[in-house]
Amino acid sequence: MRYLGIVTVLWAFSFSLIGVYLAGQVDSDFAVLARVCIAALVFAPFTLWRGLPPRLLAGFWLAGALQFGVTYLCLYRSFAVLTVPEVLLFTVLTPIYVTLLDDALARRFSPWSLLAALVAVGGGVIIRFEHLEGDYLIGFLLLQLANATFAAGQVLCRQLLARYPTEQPLHRFFGHFFLGALLLALPSFLLFGNPERLPHTAMQWGVLLWMGLFATALGMFWWVKGSTLVDAGTLAIMNELHVPAGLLVNVLIWNREANLPRLALGGVIIVASLWLNRQGRQAALPASQAP
């Protein structure tokens, strides 16, 4: 689970960096395209094109298009109509999508995983729920599409690696993930991008470089790798930890106000959902081993 924990910290910074330095200043389509290109270049020297199951490669192209292409194009657009705290609030439903999609692809139903995911979502809601004002419906819908495609991408990668095992290590074909994302990111910038809103400060370029290298290239790689080392319930709950982590970054670095008691209570509930998921797995184990 250490891979997922490291990426949670990296992504916690991402929300604030996007909201402070990029949103409303740098064209969102260009920001996504830059991150995808940087990540693709990182893995390009290692990428194999032959000797791998065709369905595995096609699946990674599709996963990249979903998990990074659609997800981040929607995420960046949401910052134009929502604040950082509102973005964090509207992403709390991701664990439910992860659990349901993983069960659907595996043709099963795991009630304990769904229950644990719902508890984790409850913790996220406790942290972030506030009376909403203004026109937030478009932002909410954008983020639900982002949540669903982000969940679909990571579940798809997890299932592909289980169904099509290969002797090649993950980094030898993970570049295909970002090539799939590029299929959406490049046309989106060419069709909808605004060349007049490219980065114009060293800080903005630095943020894009940092996010391309760490939050995107290493972050996505470690997240997919970590997803294969845990059960679906744990993966779903780890999707929720970005809420308290993101708010802590906002408080500690940018001195934003936050309800610390609610943050602590929600964080404890999210962590407790991991324990609940583990108890459920242990309770189900004898039944699965029964003849």
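Within each chain, residues carry numbers counting from 1 in the order of the written sequence. This being a predicted model, a pLDDT of at least 70 is required before a residue's local features are given, and a value of 80 or more before pairs of side-chain atoms are given or counted; all residues contribute to the totals for chains, interfaces and linings. The side-chain quantities take in all heavy atoms of the structure and omit both hydrogens and water.

**Student:** I keep staring at the overall build of the protein and nothing clicks. Help me out?
**Tutor:** Only DSSP runs of H or I reaching four residues or more are called helices, and only runs of E reaching two or more are called strands; each is numbered from the N terminus. Within the protein one finds twelve helices and zero strands. Starting at the N terminus and ending at the C terminus, the protein contains elements arranged as α-α-α-α-α-α-α-α-α-α-α-α. Against the globule reference of 19 Å for 291 residues, the protein gives a C-alpha radius of gyration of 19 Å, in line with a compact fold. For every residue, the accessible area obtained with a 1.4 Å probe (protein chains only) is divided by the maximum for its type, and the residue is called buried under 20%, exposed over 50%, and partly exposed between those limits. Evaluated residue by residue, the protein yields a buried proportion of 52% over its 291 residues. When checking whether two residues touch, look at their non-hydrogen atoms; a contact exists if any pair is within 4.5 Å. In the protein, the share of contacts with a sequence separation of at least 24, taken over all contacts with a separation of at least 6, comes to 92%. Every accessible area reported is derived by Shrake-Rupley at a probe size of 1.4 Å, with residue values counting cover from the shown protein chains alone. Counting only carbon and sulfur atoms, one obtains 68% of the accessible surface of the protein, whose full area is about 13600 Å². Charged residues are defined narrowly, with Lys and Arg counted positive, Asp and Glu counted negative, and His plus the chain ends left uncounted. Every charge is mapped to an atom, namely NZ of Lys, CZ of Arg, CG of Asp or CD of Glu. Separation of charge centres in the protein, based on 17 positive and 13 negative side chains, amounts to 13 Å. The globule rule is 2.2 Å times the number of residues to the power 0.38, and the radius of gyration it is compared with is taken over C-alpha atoms.

**Student:** Just checking my understanding: could you explain the environment of Ala 120 for this structure?
**Tutor:** Of note, Ala 120 is situated in helix α6 (residues 111-128). On the basis of relative accessibility, which here comes to 0%, the residue Ala 120 falls in the buried class. Taking the C-alpha atoms as reference points, Ala 120 and Ser 14, separated by 106 residues in sequence, lie 21 Å from one another. Apart from residues lying up to four places away in sequence, Ala 120 is in contact with Ile 237, Glu 240, Ile 270 and Ser 273.

**Student:** Whenever I open this one, the pattern of salt bridges confuses me. Can you help?
**Tutor:** When the charged atoms of two side chains lie near each other, side chains of opposite charge can form a pair. A side-chain nitrogen of Lys or Arg and a carboxyl oxygen of Asp or Glu constitute a salt bridge if their distance falls within 4 Å. Scanning the model with the defined rule gives four salt bridges in all. A salt bridge links Asp 29 to Arg 77; the nearest nitrogen and oxygen atoms lie 2.9 Å apart. On the criterion of sequence distance, the pair formed by Asp 29 in helix α2 (residues 28-43) and Arg 77 in helix α3 (residues 54-78) is long-range, its members being 48 residues apart. Put simply, Arg 108 and Asp 103 hold a salt bridge, and the shortest N to O gap is 3.2 Å. Judged by its relative accessible area of 40%, Arg 108 falls in the partly exposed class. Residues joined in a network through salt bridges with shared partners are Asp 102, Asp 103, Arg 108 and Arg 158.

**Student:** Even after reading the chapter, I still don't get the packing of aromatic side chains, so can you show me in this structure?
**Tutor:** Given two aromatic rings, their pairing is described by the distance between the two centres and the angle made by the two planes. Aromatic pairing here means that ring centres of Phe, Tyr or Trp (its six-membered ring) are within 6.5 Å. Orientation follows from the plane angle: under 30 degrees is stacked, over 60 is edge-to-face, and everything else is tilted. This structure, assessed with the given rule, holds 17 aromatic pairs. Between Phe 30 and Trp 205, the aromatic rings sit 5.9 Å apart at their centres with planes inclined by 90°, giving edge-to-face as the arrangement. In this pair, Phe 30 is assigned in helix α2 and Trp 205 in helix α9 (residues 202-227), connecting sequence segments 175 residues apart. The class of Phe 30 is buried, set by a relative accessible area of 14%. By relative accessible area, Trp 205 is classed as partly exposed at 45%. An aromatic cluster of three or more residues is present, and its members are Phe 43, Phe 60, Phe 68, Tyr 72, Phe 173, Phe 174, Phe 177, Phe 178 and Phe 221.

**Student:** So what exactly am I meant to see when it comes to the nonpolar core here?
**Tutor:** Among soluble globular proteins, nonpolar side chains are generally buried collectively. Counting residues in each nonpolar core, the largest one holds 81 residues, and the members touching the most others are Trp 11, Phe 60, Tyr 72, Phe 174, Phe 177 and Met 220. At ten residues, the largest contribution of residues to this core is made by α3. When sequence neighbours within four positions are dropped, the list of residues in contact with Phe 177 reads Phe 60, Ala 63, Gly 64, Gln 67, Phe 68, Cys 157 and Met 220. We define the nonpolar core as a collection of buried residues of types Ala, Val, Leu, Ile, Met, Phe, Trp, Tyr and Cys that are connected through side-chain atoms lying within 4.5 Å of one another.

**Student:** Help me understand the side chain of Thr 47 in this model?
**Tutor:** On the secondary structure map, Thr 47 appears in the loop between α2 and α3. The exposure class of Thr 47 is buried, given its relative accessible area of 15%. Throughout this description, a polar contact denotes any pair of N or O atoms lying within 3.5 Å of each other; where both atoms belong to protein, one of them has to be capable of donating a hydrogen while the other can accept it, and for residues adjacent in sequence the pair is counted only when both atoms sit in side chains. For Thr 47, the side chain forms a polar contact with the main-chain oxygen of Phe 43, separated by 2.7 Å. Among all residues touching Thr 47, those that are not within four sequence positions of it are Arg 172, Gly 175 and His 176.

**Student:** Hey, could you run me through unusual backbone geometry in this one?
**Tutor:** It is generally the case that most residues other than glycine have a negative phi and that most peptide bonds are trans. Despite not being glycine, Arg 107 shows a phi value in the positive range, around 55°. As for its placement among the helices and strands, Arg 107 is situated in the loop between α5 (94-106) and α6.

**Student:** Looking at this structure, how should I read the packing of α2 against helix α8 (residues 175-192)?
**Tutor:** How two helices sit against one another is set out by the angle between their axes and by the gap between those axes. Every axis corresponds to a line fitted to the C-alpha atoms, with the helix fit spanning only the stretch in contact, and the corresponding angles, defined between N-to-C directions, vary from 0 to 180 degrees. Viewed as axis vectors pointing N to C, α2 and α8 meet at an angle of 150°, and their least axial separation amounts to 9 Å. One element, α2, and the other, α8, form an angle in the roughly antiparallel class. The two elements α2 and α8 meet at a crossing, and its hand is left-handed. Contacts between α2 and α8 pair Asp 29, Phe 30, Val 32, Leu 33, Val 36, Cys 37, Ala 39, Ala 40 and Phe 43 from the former with Gly 175, Phe 178, Ala 181, Leu 182, Ala 185, Leu 186, Ser 188, Phe 189 and Phe 192 from the latter. A breakdown of the residues in the contact of α2 with α8 according to their chemical character gives 15 nonpolar, two polar and one charged. Orientation is classified from the angle alone, with under 35 degrees giving roughly parallel, over 145 giving roughly antiparallel, 65 to 115 giving roughly perpendicular, and any other angle giving oblique. By convention, the crossing between two helices is left-handed when the near helix turns anticlockwise from the far helix through less than a right angle, and right-handed when the turn is clockwise. Gly falls in the polar group here, along with every residue not listed as nonpolar (Ala, Val, Leu, Ile, Met, Phe, Trp, Tyr, Cys, Pro) or charged (Asp, Glu, Lys, Arg).

**Student:** Explanation requested: the state of the cysteines in the structure shown.
**Tutor:** Between two cysteines, a covalent bond joining their sulfur atoms is known as a disulfide. The disulfide criterion used throughout: a pair of cysteine sulfur atoms within 2.5 Å. Tallied over the full model, the rule gives zero disulfides. Here Cys 37 is not disulfide-linked; the sulfur of Cys 74 is the nearest cysteine sulfur, at 19 Å. For Cys 37, a relative accessible area of 32% translates into the label partly exposed. Residue Cys 74 stays outside any disulfide, its sulfur separated by 18 Å from that of Cys 157, the closest cysteine.

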